[in-house]
Amino acid sequence: MKKRISVLAAVVLAVGFALCLAACGETKDDTVTVTLWHVYGGEVNSTMNALVDEFNNTVGREQGVRVRVDSVSNSGVIHESVLAAAYKEPGAPELPDIFVSYPKTVLALPDDDILVDYRDYFTAGELNAYIPEFVEEGTVDGRPVILPLAKSTEILFVNKTAFDRFAADTGASLDELATWEGLYAVAERYAEWSGGKSFFAHDYHFNYFQVGVESLGESFFDEDGLAFGPGFTYAWKPYAEAALTGGLWLGSGYATEPLRTGDVIASVASSASVLYYSDVVTYMDNSSEKVEIISLPCPIFEGGERLVMQRGVGACTVKSTPEREKACTIFLKWLTEPERNVDFVTSLGYMPVTKEGFDYLPAAIETLTDPMYASLYEAFLRTRQDYTFYVPPQREDYLSLETRFEKTARLRLTAGRVQYSEQGADVTDELLHTTLDEFKRSYGN
C-alpha cells in the first residue's frame, strides 16, 4: 500500500511539474523563432536585449513567437555583414529575419525585393501612426521596407557654465544661437574674447550645408553631385568667416570630444551623442570642472524653413515564410507601441517614432533623473513642434559625396585659417571668396 501511494504521489508530482512548466511558459512546440541583428547596446548590457526578453516572456509566449538576438554590433559592421550574406560571399552568415539598417544598405542589396513590404502586414492606419518623414526615409522604390524603431536628430549642445561666463562679460545671449547667422557672429566674438579659442564644432559639415541650402528653397544636389547655387554661397559666408577667425572648430573626430575637453563650448551633433557627453570638462592641463550641458533645437537660417536632419537605423524584415514574416511584425509592432517605445528611446537619447509617442514625452521627462537628458527631451518636443524633419535623397553616391565634402571643406578652411593668421583681418573678404572657389575646384563633381 505504501509503495502504491509512493508511486501515485510520484505520478501526481510529475504531472503537476509538467503543468507548472506549461503554466510558467515553456516554449510551445509550434513556436516560431526569428533572429535579430541590432545596434542598441552591448551583448551583455543592452536595452534592446532586455526588451527582447520581456517580449519572449509575455506576448511572444502567448502568440508562439520567440526572438533570438544573434548579433549586437554597430551599423557599419551590420551593413557589411548583410551585404556579404545577400551576395552569398564565402564564409558569410545567413541573413537574419530582422536586421537594422540605413537606406544605403538596402540600396546596395542585389535586390531589395528580398525584404518584406510592410504594407503586407501593417494597415494604412498603423503605418500612418508613425511620423511621416520617418516612414518616408525607409521607403525604397515606393516600398516601405525599413520600419522606424528609434530616431535621432541634430541638436545644439551648449556648455552653459562656460557660456554664462562669456555672456557676463560680453552680453551674449543663448537666444542668438537660434539662427546660424547669430551663432557664427557669437563664435567670432567668443574667439576674440577667449584669445583665439573656438566656440563651436559641427559633427557633420555636409549636413549643415545640405539641410541649410534646402531650407533656403534651393536644391543642394544635382544630377552630377552638388549644385553649388546661390544658397550654398549664402551658407558658406558665415561658416567660412567663423572658421577663418577661429570661432569654428576644424579638428577631426566627433564634436563630442572638443566639448568634453573645453576646446569648444557648443556643438551640433546627433542627439544620440548625449550618451558620450559628461557634466565634467577635463582641460588639457588635467584640471576639471563640473558643468551644466543643455540642449537647444538646431539653428536655422534667418528666413529659411525650419528643417532639421533625421538620423537613425530602422528594421528590415527578410522575406521567408508567411509564418516567420508575421512573427517578425508581431515583435516590431510590440516594440513600437507608443508608451513602450518611449521607455526604449529615453534610455538611449533617441526620439520616439510615432505621433502618439511624442504625446508621452512630457510625462516621461518628469521621470528623468539626469538634467542633461531632461534638457534633451525638452529640445525634442520643441523640434517636433516647430521643425520639419528633412529626408535625405536616396542616392548611390550619397556616402561618397559626404565623405569627400567633409575632407575637402576642412582642408580648404584650415589652409585659409593659416593665411588669415599670417595676413590679418584685412584679407577676410578675399579669403571668403578664394576658399569657396578653391573648395569647389578641389571638390569637383
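The residue numbering used here restarts from 1 in each chain and proceeds along that chain's sequence as written. In keeping with the predicted nature of the model, local features appear solely for residues at pLDDT of at least 70, side-chain atom pairs appear and are counted solely at 80 or more, and the whole-chain, interface and lining totals rest on all residues. Each side-chain value is derived from all of the structure's non-hydrogen atoms; neither hydrogens nor water enter the calculation.

**Considering the sheet that holds strand E6 (residues 147-148)**
Reading across from one edge, E2-E1-E3-E14-E6 is the order of the five strands in this open sheet, with mixed pairing throughout. The open sheet has two edge strands with one neighbour each: strand E2 (65-72) and E6. At least two bridges found by DSSP between two strands are what make those strands a pair. For helices the rule is a DSSP run of H or I covering at least 4 residues; for strands it is a run of E covering at least 2, with both sets numbered from the N terminus onward. Where E6 meets strand E14 (residues 314-317), two bridges bridge the pair, whose relative direction is antiparallel. The residue bridging Leu147 from the neighbouring strand is Ala315, located in E14. Throughout, a residue-residue contact means that at least one pair of heavy atoms, one from each residue, lies within 4.5 Å. Helix axes use the C-alpha atoms of the stretch in contact, all axes being lines fitted to C-alpha atoms, and the angles between their N-to-C directions lie in the range 0 to 180 degrees. Where helix H2 (residues 47-57) meets the sheet, its contacts fall on strand E1 (32-38) and E2, and the angle it forms with E2 comes to roughly 165°. Its contacts with the sheet put helix H13 (residues 322-335) on E1, E2, strand E3 (98-101), E6 and E14, and the angle it makes with E1 is roughly 55°.

**Structural notes on the environment of Arg66**
Take Arg66: it is sitting in strand E2. In this scheme, a residue with accessible area under 20% of its type's maximum is buried, one over 50% is exposed, and one in between is partly exposed, where area comes from a 1.4 Å probe on protein chains only. Judged by its relative accessible area of 34%, Arg66 falls in the partly exposed class. Arg66 sits 80 residues away from Ile146 along the chain, and the two C-alpha atoms are 21 Å apart. Ignoring any residue separated from it by four or fewer positions in sequence, one finds Arg66 in contact with Thr31, Val32, Thr33, Val34 and Asn56.

**Considerations on a negative patch on the surface**
There is a patch of like negative charges on the surface, built from Glu54, Glu339, Asp343, Glu356 and Asp359. When residues of the negative patch are traced back to their parent elements, those giving at least two are helix H14 (338-345) and helix H15 (355-367). Mapped onto the elements of the fold, Asp359 is located in helix H15. Patches here are clusters of residues that have more than 30% relative accessible area and form no salt bridge, with a 9 Å joining cutoff for like charges and a 5 Å cutoff for nonpolar side chains (Val, Leu, Ile, Met, Phe, Trp, Tyr). Using a 1.4 Å probe, accessible areas were evaluated by the Shrake-Rupley method; residue-level cover was limited to the displayed protein chains. Salt bridges are defined by distance alone: a side-chain nitrogen of Lys or Arg within 4 Å of a carboxyl oxygen of Asp or Glu. For the charge count, each Lys or Arg is scored as positive and each Asp or Glu as negative, with His and the chain ends excluded. By convention, the point assigned to a charge is CZ for Arg, NZ for Lys, CD for Glu and CG for Asp.

**Observations concerning the side chain of His202**
Secondary-structure assignment places His202 in strand E8 (residues 200-202). Throughout this description, a polar contact denotes any pair of N or O atoms lying within 3.5 Å of each other; where both atoms belong to protein, one of them has to be capable of donating a hydrogen while the other can accept it, and for residues adjacent in sequence the pair is counted only when both atoms sit in side chains. A distance of 2.9 Å separates the side chain of His202 from the backbone nitrogen of Tyr204, its partner in a polar contact. Apart from residues no more than four positions distant in its own chain, His202 is found in contact with Glu154, Trp180, Tyr208, Ala255, Val268 and Arg410.

**Some thoughts on the state of the cysteines**
A pair of sulfur atoms, both from cysteines and within 2.5 Å, is called a disulfide here. Per the stated rule, a full pass over the model turns up zero disulfides. Of the cysteine sulfurs around Cys316, a residue in no disulfide, the closest is that of Cys328, at 11 Å. Taking the relative accessible area as the measure of exposure, Cys316 reaches 0% and is therefore buried.

**Here we look at the confidence of the model for the protein chain**
The pLDDT score gives, residue by residue, the confidence of the prediction method on a 0 to 100 scale. Of all residues in the protein chain, 93% have pLDDT values of 70 or greater, and the mean over the chain is 91. Confidence drops under pLDDT 50 across residues 1-27; counting only partners more than four residues distant or on other chains, this segment forms three contacts.

**Thoughts on helix H4 (residues 75-86)**
Expected helix span is taken as 1.5 Å per residue step, with the number of steps being one fewer than the number of residues. With 12 residues, H4 extends 16 Å between its outermost C-alpha atoms, agreeing within 8% with the 16 Å of an ideal straight helix rising 1.5 Å per residue. The complete set of buried residues in H4 reads Ile78, His79, Val82, Leu83, Ala84, Ala85 and Ala86. Next to the buried residues of H4 lie E1, E3 and helix H5 (103-107). Where H4 begins, the capping side chain belongs to Asn74, and its oxygen is found 3.0 Å from the backbone nitrogen of Gly76.

**Structural notes on the packing of aromatic side chains**
Here the aromatic set is Phe, Tyr and Trp, taking the six-membered ring for Trp, and pairing holds for ring centres within 6.5 Å; pairs whose planes are under 30 degrees apart are stacked, those over 60 apart are edge-to-face, and all others are tilted. For the coordinates displayed, the defined rule picks out 49 aromatic pairs. On the basis of an interplanar angle of 25° and a centroid distance of 5.8 Å, the ring pair of Trp180 and Tyr184 is categorised as stacked. Here Trp180 pairs with Tyr184, and both are found in helix H9 (residues 180-194), just four residues apart, close to one helical turn. Summarising the burial analysis for this pair, Trp180 and Tyr184 share the class buried. Ring centres of Trp180 and Tyr208 lie 4.8 Å apart, and the angle between their planes is 80°; on these two criteria the pair is classed as edge-to-face. Residue Trp180 is found in helix H9, and its partner Tyr208 is found in helix H10 (residues 205-215); the two are separated by 28 residues along the sequence. Tyr208 matches Trp180 in its accessibility class, with the two residues each being buried. Here Arg311 stacks its cationic end above the ring of Tyr204, 4.2 Å away from the centre of that ring. We count a charge as sitting over a ring when the NZ of a lysine or the CZ of an arginine lies within 6 Å of the ring centre and within 35 degrees of the ring normal.

**Some details on the pattern of salt bridges**
In total, this model carries 19 salt bridges according to the counting rule given. With a shortest N-O distance of 3.4 Å, Arg143 and Asp112 are connected by a salt bridge. Taken together, the positions of Arg143 in strand E5 (residues 143-144) and Asp112 in the loop between H5 and helix H6 (124-128) put the pair 31 residues apart, joining distant regions of the chain. By relative accessible area, Arg143 is classed as buried at 13%. Look at Asp112 and you get buried, because its relative accessible area is 15%. As a salt-bridge pair, Glu257 and Arg260 come within 3.6 Å of each other at their nearest N and O atoms. Taken together, the positions of Glu257 and Arg260, both in helix H12 (residues 256-260) and three residues apart, correspond to about one turn of that helix. Glu257 sits in the partly exposed class, given a relative accessible area of 43%. Here the residues in one salt-bridge network are Asp112, Asp113, Asp117, Arg119, Arg143 and Lys319, joined through shared partners.

**Quick word on the pairing of strand E7 (residues 152-159)**
Strand residues, when the strand is regular, have side chains that alternate between the two faces of the sheet. Burial analysis of E7 places eight of its eight residues in the buried class, the great majority of the element. Sheet topology places E7 next to strand E13 (residues 307-311); two bridges connect them, and they run antiparallel. Its bridge partner lying in E13, Thr153 is registered against Gln310. Sheet analysis places E7 next to strand E9 (residues 266-270), joined by five bridges and oriented antiparallel. Its bridge partner being in E9, Leu156 is matched across the sheet by Val268. Bridge count between E7 and strand E12 (residues 293-297): five bridges; the pairing is antiparallel. Counted as the bridge partner of Val158 is Ile294 from E12.

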